[in-house]
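Structural characterization, general
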Amino acid sequence: IADTGIHGHTREAIRAVESQGQKALPLLQELGNLTKILEKAISIKDLMTMGQAMTKAHEKLAKLGVSCQKADELVAAALENGASGAKMSGGGPGGCVIALVGEKSQAEALAALLSETGAINTWIESLKVSNPMQLLQLSTIGGRKMQKS
């Protein structure tokens, strides 16, 4: 999870979507479909599908105008540096970015890189997956640095 350092303004995001009128509807429907795909991927612990759905969702959110340049830059940096997926989180624009990687060492390297790219803070969260030897690392950018095992 990564903090862009930009306080989100949900009303601004709502206005951006409303200003698109009917053009926003297909994007919103695609986001709904991606949410269902992501829910299923989480339930069966399918990391690749989770990552793909998150990245596609971020692309739709950016098209809707609810992301911001810094979040887009952090998502791009995460994807260019080995994340299986990344997206903005929160009401937008601003807020946090979540990036998925497979191992703790990858998460640590990605957190450092995202800090260099402009994240004001990073932290790492771990999730247990179906194979007890495998961990899903969430590279988190936010207000504090914390690590769970």
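Residues numbered from 1 in each chain as written. Predicted model: local features only at pLDDT ≥ 70, side-chain atom pairs only at ≥ 80, totals over all residues. Heavy atoms only, no water.

**Points about the overall build of the protein chain**
The secondary structure content of the protein chain amounts to five helices and five strands. Ordered by position from N to C terminus, the α and β elements of the protein chain give β-α-α-α-α-β-β-α-β-β. Split into buried and exposed, the 149 residues of the protein chain put 42% on the buried side. At a minimum sequence separation of 6, the contacts of the protein chain that also span at least 24 residues come to 60%. Within the structure as shown, the protein chain displays about 8,100 Å² of accessible surface, and the carbon and sulfur contribution to it stands at 55%. (Helix = DSSP H or I, 4+ residues; strand = E, 2+ residues; numbered from the N terminus. Buried < 20%, exposed > 50% of the residue type's maximum accessible area, 1.4 Å probe, protein only. Contact = heavy atoms within 4.5 Å. Areas by Shrake-Rupley, 256 points an atom, 1.4 Å probe, with all protein chains shown as cover.)

**Notes on the environment of Asp3**
Structurally, the position occupied by Asp3 is in strand E1 (residues 2–3). Sequence separation between Asp3 and Met88 is 85 residues; the distance between their C-alpha atoms is 9.6 Å. Side-chain polar atoms of Asp3 contact the backbone nitrogen of Gly5, separated by 2.8 Å. (Polar contact = N/O pair within 3.5 Å; in protein donor to acceptor, adjacent residues only side chain to side chain.)

**Brief notes about the pairing of strand E2 (residues 85–89)**
Judged by how many residues are buried, E2 sits mostly within the fold: four of five residues are covered. Of the strand pairs in this sheet, E2 and strand E3 (residues 96–101) are connected by five bridges, and their pairing is antiparallel. Looking at the pairing, Met88 lines up with Val97 of E3. (Pairing = 2+ DSSP bridges.)

**Description of helix H5 (residues 104–117)**
The end-to-end C-alpha distance of H5, which contains 14 residues, comes to 20 Å, matching closely the 20 Å that a straight helix rising 1.5 Å per residue would cover. Among the residues of H5, those classed as buried are Ala107, Leu110, Ala111 and Leu114. Down the axis of H5, the buried side of the element spans an arc of 105 degrees, and every buried residue falls inside it. Phi for Gly118, located one or two positions after H5, is positive at around 130 degrees. (Expected span 1.5 Å × (residues − 1). Arc of directions from axis to C-beta.)

**Considering the confidence of the model for the protein chain**
Scored by pLDDT, the protein chain has a mean of 85; 85% of the residues are at 70 or more. Mean pLDDT values over the elements of the protein chain span from 37, in strand E5 (residues 135–140), up to 96, in helix H4 (residues 69–80). Counting interchain partners and residues more than four positions distant, the pLDDT-below-50 stretch residues 131–149 has 93 contacts. (pLDDT = per-residue confidence, 0-100.)

**Some remarks on the packing of helix H2 (residues 24–43) against helix H3 (residues 47–64)**
Put simply, H2 and H3 touch, their axes get as near as 9 Å, and they point 160 degrees apart. Here H2 lies roughly antiparallel to H3, going by the angle between them. Considering only the axes of H2 and H3, their crossing is left-handed. Residues Ala24, Leu27, Leu28, Glu30, Leu31, Leu34, Ile37, Leu38, Ala41 and Ile42 of H2 lie in contact with H3, whose contacting residues are Thr49, Met50, Ala53, Met54, Lys56, Ala57, Lys60, Leu61, Lys63 and Leu64. Of the residues that constitute the contact of H2 with H3, the class distribution is 15 nonpolar, one polar and four charged. (Axes fitted to C-alpha atoms, helices over the stretch in contact; angles between N-to-C directions. Parallel < 35°, antiparallel > 145°, perpendicular 65-115°, else oblique. Left-handed = near helix turned anticlockwise from the far one by under 90°. Nonpolar A, V, L, I, M, F, W, Y, C, P; charged D, E, K, R; others polar.)

**Let's talk about the nonpolar core**
Counting 30 residues, the largest nonpolar core has Leu64, Val66, Ala78, Leu110 and Leu114 as its most contacted members. Those elements that place two or more of their residues in this core are helix H1 (10–19), H2, H3, H4, E2, E3 and H5. Looking at this core element by element, the count peaks at five residues for H4. Apart from the residues lying within four places of it in its own chain, the contact partners of Val66 are Ala13, Val17, Leu61, Met88, Gly92 and Pro93. Core analysis: the second largest hydrophobic core is formed by five residues, Ala41, Leu47, Met50 and Met54 among them. (Core = buried A, V, L, I, M, F, W, Y, C linked by side-chain atoms within 4.5 Å.)

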